[in-house]
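# Reading the structure
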Amino acid sequence: VDAEGALHLWERNGTLIRTWQAHRQPTRAVAFAPSGSQLATASEDATVKIWSTAGDLVATLEGDIGGFQALLWTADDQIIAGDEQGNIYVWDATGALLSQFSSSSGALIALALSPDGATLAAVGDDRQVRLHNLADRSLIREFPAHNGAIYNVQFTPDGEQLITVGDDKVIR
């Protein structure tokens, strides 16, 4: 993906397979379906698009206002995206909106799903880590993590810990 909204599909050896225009504005995130036959892109144009790996548009999913920066595709075929307004959207693989809920007062920059698929971590520019129960979308816990925006979050393989990286040049 690039700042002009183009998507580039590569072989592992560095051979470019195809390029296509995915969005009208910068594309900020990409996630593959568990099957590997589709992928989703998230953009500042307030859309998430589902594509075949051949470059065919399957569906366009729209947010309310803000562009999308955070995206993941779960093992049970749910597409989860976080927008610039702090909202989280959950769609099924056909593009049907399953739920939408607020997580933050600021932009969401990254999302992570626990290995068991039960807990969603959301981070962004408000310096907080928020853990949500994905089944009922409830907030489990919220805590400050950095002295600036948080750029990424990941669960450890056992799901017992999180690691975050932020604007303050600290890994926690």
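Our structure is the block above this text.
As a starting point, this report considers the structure included with it. (Residues numbered from 1 in each chain as written. Predicted model: local features only at pLDDT ≥ 70, side-chain atom pairs only at ≥ 80, totals over all residues. Heavy atoms only, no water.)

### Things to note about the pattern of salt bridges
Where side chains of opposite charge bring their charged atoms close, a pairing between them can arise. What the rule picks out here adds up to three salt bridges. Ionic pairing is found between Glu 44 and Arg 28, a salt bridge with its closest N-O pair at 2.5 Å. Taken together, the positions of Glu 44 in the loop between strand S4 (38-43) and strand S5 (47-52) and Arg 28 in strand S3 (residues 27-32) put the pair 16 residues apart, joining distant regions of the chain. What makes Arg 28 partly exposed here is its relative accessible area of 43%. Linking Arg 130 and Glu 142 is a salt bridge whose minimum nitrogen-to-oxygen distance equals 3.0 Å. With Arg 130 in strand S13 (residues 128-133) and Glu 142 in strand S14 (residues 139-144), the pair connects residues that are 12 residues apart, well separated along the chain. Taking relative accessible area as the criterion, Glu 142 reaches 40% and is therefore assigned partly exposed. (Salt bridge = Lys/Arg side-chain N within 4 Å of Asp/Glu carboxyl O. Helix = DSSP H or I, 4+ residues; strand = E, 2+ residues; numbered from the N terminus. Buried < 20%, exposed > 50% of the residue type's maximum accessible area, 1.4 Å probe, protein only.)

### What about the sheet that holds S4?
Strand order in the open sheet formed by four strands is S3-S4-S5-S6, with antiparallel pairing between adjacent strands. Looking along the sheet, the strands with just one partner apiece sit at the ends: S3 and strand S6 (57-62). Taking the axes of each pair of neighbouring strands and ignoring which way they run, one obtains an average angle of 20° across the sheet. Bridging between S4 and S5 involves five bridges; their strand directions are antiparallel. In the sheet register, Leu 39 faces S5, and the bridge partner there is Trp 51. (Pairing = 2+ DSSP bridges. Axes fitted to C-alpha atoms, helices over the stretch in contact; angles between N-to-C directions.)

Distances and angles like these do not, on their own, reveal function.
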